[in-house]
Amino acid sequence: MYEPIRTKSVHTMAGTTADFPHRTREEELDIQLAGHLAALLTVTDELRALAPSDDLDVAAERLAGQVARLRGGRPPVRSSVSAAERGDAHIAALHERAHALAGRALVVAASRADTAGAILAAERMDAHTAALTNELTTTV
């Protein structure tokens, strides 16, 4: 009564599943976490150039270590930032940006169950919150 379908269905994927690489959820989360931590490292390096401190130096090295771990040992690309004279408002904006990036990293690290990444991100959030609070109290 009905004629059988002679062409491939448009609802199935063309070819086999080996046509494109697949990543696991954990691999995707590793990539996201490495990206957030690398962005946080960039902001940290900029803050180090504008307002050097031992805390930022240690944080930058720890961030670089975590990014390298997540990228299979490849160290992150770091740019050298020249210490240009910028106002307190710019430094405060960098601390706010770093706080936001650390928050994103914390969310991804928590969903991935990456304790080391989560601890580092939480510590950086606390440090940038303290820096912002300190900036507000010294300008008032």
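Residues numbered from 1 in each chain as written. Predicted model: local features only at pLDDT ≥ 70, side-chain atom pairs only at ≥ 80, totals over all residues. Heavy atoms only, no water.

Moving on, we get to the overall build of the protein. Across its full length, the protein holds four helices and zero strands. Counted from the first residue to the last, the protein has its helices and strands arranged as α-α-α-α. Relative to its 140 residues, the protein shows a buried fraction of 34%. In the protein, the share of contacts with a sequence separation of at least 24, taken over all contacts with a separation of at least 6, comes to 72%. (Helix = DSSP H or I, 4+ residues; strand = E, 2+ residues; numbered from the N terminus. Buried < 20%, exposed > 50% of the residue type's maximum accessible area, 1.4 Å probe, protein only. Contact = heavy atoms within 4.5 Å.)

The next subject is the packing of helix 1 (residues 25–50) against helix 2 (residues 54–70). One can describe the packing of helix 1 onto helix 2 by two numbers: an axis separation of 9 Å at closest approach and a directional angle of 155 degrees. As far as their axial angle goes, helix 2 and helix 1 are roughly antiparallel. Helix 2 is crossed by helix 1, and the crossing has left-handed handedness. The residues of helix 2 that touch helix 1, namely those facing Asp 30, Leu 33, Ala 34, Leu 37, Ala 38, Leu 40, Leu 41, Thr 44, Asp 45, Leu 47 and Arg 48, are Leu 56, Asp 57, Ala 60, Leu 63, Ala 64, Gln 66, Val 67 and Leu 70. (Axes fitted to C-alpha atoms, helices over the stretch in contact; angles between N-to-C directions. Parallel < 35°, antiparallel > 145°, perpendicular 65-115°, else oblique. Left-handed = near helix turned anticlockwise from the far one by under 90°.)

Let's shift gears to the nonpolar core. Most often, soluble globular proteins keep nonpolar side chains buried together rather than apart. Membership of the largest hydrophobic core comes to 28 residues, with the highest contact counts inside it found for Leu 33, Leu 37, Leu 40, Val 43, Leu 47 and Leu 63. Listed by contribution, the elements that provide at least two residues to this core are helix 1, helix 2, helix 3 (88–112) and helix 4 (115–139). Among the elements that take part in this core, helix 1 stands out by supplying 10 residues, more than any other. Sequence-distant contacts of Leu 47, defined by excluding residues within four places in its chain, comprise Pro 52, Leu 56, Ile 91, Leu 94, His 95 and His 128. (Core = buried A, V, L, I, M, F, W, Y, C linked by side-chain atoms within 4.5 Å.)

This brings us to helix 3. For helix 3, built from 25 residues, the straight-helix expectation of 36 Å at 1.5 Å per residue is met to within 8% by its first-to-last C-alpha distance of 36 Å. Count one or two residues on from helix 3 and you reach Ala 113, which has phi positive near 65 degrees. (Expected span 1.5 Å × (residues − 1).)

Attention now moves to the environment of Ala 64. Following the sequence through the fold, Ala 64 ends up in helix 2. When its relative accessible area of 12% is taken as the criterion, Ala 64 is described as buried. Note: C-alpha distance between Ala 64 and Leu 37 (27 residues apart in sequence) is 8.1 Å. Ignoring any residue separated from it by four or fewer positions in sequence, one finds Ala 64 in contact with Leu 41, Pro 76 and Arg 78.

Our next topic: the side chain of His 95. Looking at the element boundaries, His 95 is found in helix 3. Not counting chain neighbours up to four residues away, the residues in contact with His 95 comprise Leu 47, His 128, Ala 131 and Leu 132.

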